[in-house]
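An overview of the molecular structure
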Amino acid sequence: MNNEDKPAYSDAQKEKFMRAALREAFKAEKNGEVPVGAVMVCDGKIVARGKNERETKKDPTAHAEIVAIRKAGKKLGRWNLCDCDLFVTLEPCVMCSGAIVYSRIRTVYYGADDLRFGCCGTVMNLAGDERFNHRARVERGILKDECLNPIREFFKDKRKAGKRNSGVRDGGGTDAK
């Protein structure tokens, strides 16, 4: 299957995969991470899962998407993931969008827009930039509110804590207003 072949996911299947990504996001949150989760799907089956692990691993590249991409490559035994689709709760950033292009992922499905760092159509569309030899299709807004709410609450709590003890004050980069 090449990148031009469109996966035939029903709305119910898209929601099922996004709910699996949400479960990963909730695991990340329990570990004190920004609640973002991802799953990689190949041939209609989840082949890899990822959650934010930046704080846990002290690794700035340990975004949910990168974790899922690495696990998928390892499990499938290849770097070229052209027959795979990524479901992620938050729009991928520049780093993750670059990894999506380099790993040749077919389609990115995401929940919440990232107004500050989103590179799948919001700030820019790196994943679909025609100057690259590969472009991933992007579908946004899958379970948008369910994906946005945990992130919104996470940063709301961080802002409250920051006012008390100078902790994180970043409002997050989502479309939370």
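Structural data are supplied above this passage.
Reading the values: the criteria
Residues numbered from 1 in each chain as written. Predicted model: local features only at pLDDT ≥ 70, side-chain atom pairs only at ≥ 80, totals over all residues. Heavy atoms only, no water. Salt bridge = Lys/Arg side-chain N within 4 Å of Asp/Glu carboxyl O. Helix = DSSP H or I, 4+ residues; strand = E, 2+ residues; numbered from the N terminus. Buried < 20%, exposed > 50% of the residue type's maximum accessible area, 1.4 Å probe, protein only. Core = buried A, V, L, I, M, F, W, Y, C linked by side-chain atoms within 4.5 Å. Contact = heavy atoms within 4.5 Å. Expected span 1.5 Å × (residues − 1). Lys, Arg positive; Asp, Glu negative; His and termini not counted. Polar contact = N/O pair within 3.5 Å; in protein donor to acceptor, adjacent residues only side chain to side chain. Pairing = 2+ DSSP bridges. Axes fitted to C-alpha atoms, helices over the stretch in contact; angles between N-to-C directions. Parallel < 35°, antiparallel > 145°, perpendicular 65-115°, else oblique. Left-handed = near helix turned anticlockwise from the far one by under 90°. Nonpolar A, V, L, I, M, F, W, Y, C, P; charged D, E, K, R; others polar.

Before going further, it helps to spend a moment on the pattern of salt bridges. A full pass over the atoms with the stated rule returns nine salt bridges. Here Lys 14 makes a salt bridge to Glu 139, at a shortest N to O gap of 2.9 Å. With Lys 14 in helix α1 (residues 11–30) and Glu 139 in strand β5 (residues 137–140), this pair connects stretches of sequence that are 125 residues apart. Accessibility expressed as a relative area gives 11% for Lys 14, which makes it buried.

If you look at the biggest cluster of nonpolar residues, it comprises 45 residues, and the most contacted ones within it are Met 40 and Phe 87. Every element with two or more residues in this core is listed here: α1, β1 (37–42), β2 (45–51), α3 (64–76), β3 (84–90), α4 (94–102), β4 (107–112) and α5 (144–165). When neighbours within four sequence positions are excluded, Met 40 is seen to be in contact with Lys 45, Ile 46, Val 47, Ala 48, Ala 68, Ile 69, Ala 72, Leu 81, Cys 84, Asp 85, Leu 86 and Ile 105.

Okay, α3 next. Between the first and last C-alpha of α3 there are 18 Å, a value that for 13 residues agrees with the 18 Å anticipated at 1.5 Å per step. Among the residues making up α3, those that are buried are Ala 64, Glu 65, Ile 66, Val 67, Ala 68, Ile 69, Ala 72 and Gly 73. Lining the buried residues of α3 we find β1, β2, β3 and α4. Positive phi appears at Gly 77, one or two residues downstream of α3, with a value of about 75°.

What follows is about the side chain of Glu 24. Inspection of the secondary structure puts Glu 24 in helix α1. Residue Glu 24 is classed as buried on the basis of its relative accessible area, which comes to 5%. When sequence neighbours within four positions are dropped, the list of residues in contact with Glu 24 reads Gly 37, Ala 38, Arg 49, Gly 50 and Lys 51.

Bringing the side chain of Asp 114 into the picture now. Residue position: Asp 114 is located in the loop between β4 and β5. We note that Asp 114 is buried and unpaired, the nearest opposite charge coming from Arg 116 at a distance of 6.4 Å. Separated by 3.1 Å, the side chain of Asp 114 and the backbone nitrogen of Arg 116 make a polar contact.

Note: strands within a sheet are paired through backbone hydrogen bonds, in either parallel or antiparallel orientation. Taking strand neighbours across the sheet as the criterion, the five strands line up as β2-β1-β3-β4-β5 in an open arrangement whose pairing is mixed. In this open sheet, the two strands that pair with only one neighbour each are β2 and β5. Each neighbouring strand pair of the sheet contributes to a mean axis angle of 20°, computed without reference to strand direction. Along the sheet, α3 makes contact with β1, β2 and β3, crossing β2 at roughly 140°.

The next point concerns the packing of α3 against α4. Interaxial distance between α3 and α4 falls to 9 Å at its minimum, and their mutual angle equals 25°. One finds that α3 runs roughly parallel with respect to α4. The hand of the α3/α4 crossing is left-handed. For the pair formed by α3 and α4, the contact residues are Glu 65, Ile 66 and Ile 69 on the first element and Met 95, Cys 96, Ala 99 and Ile 100 on the second. Partitioned by chemical class, the residues of the contact of α3 with α4 number six nonpolar, no polar and one charged.

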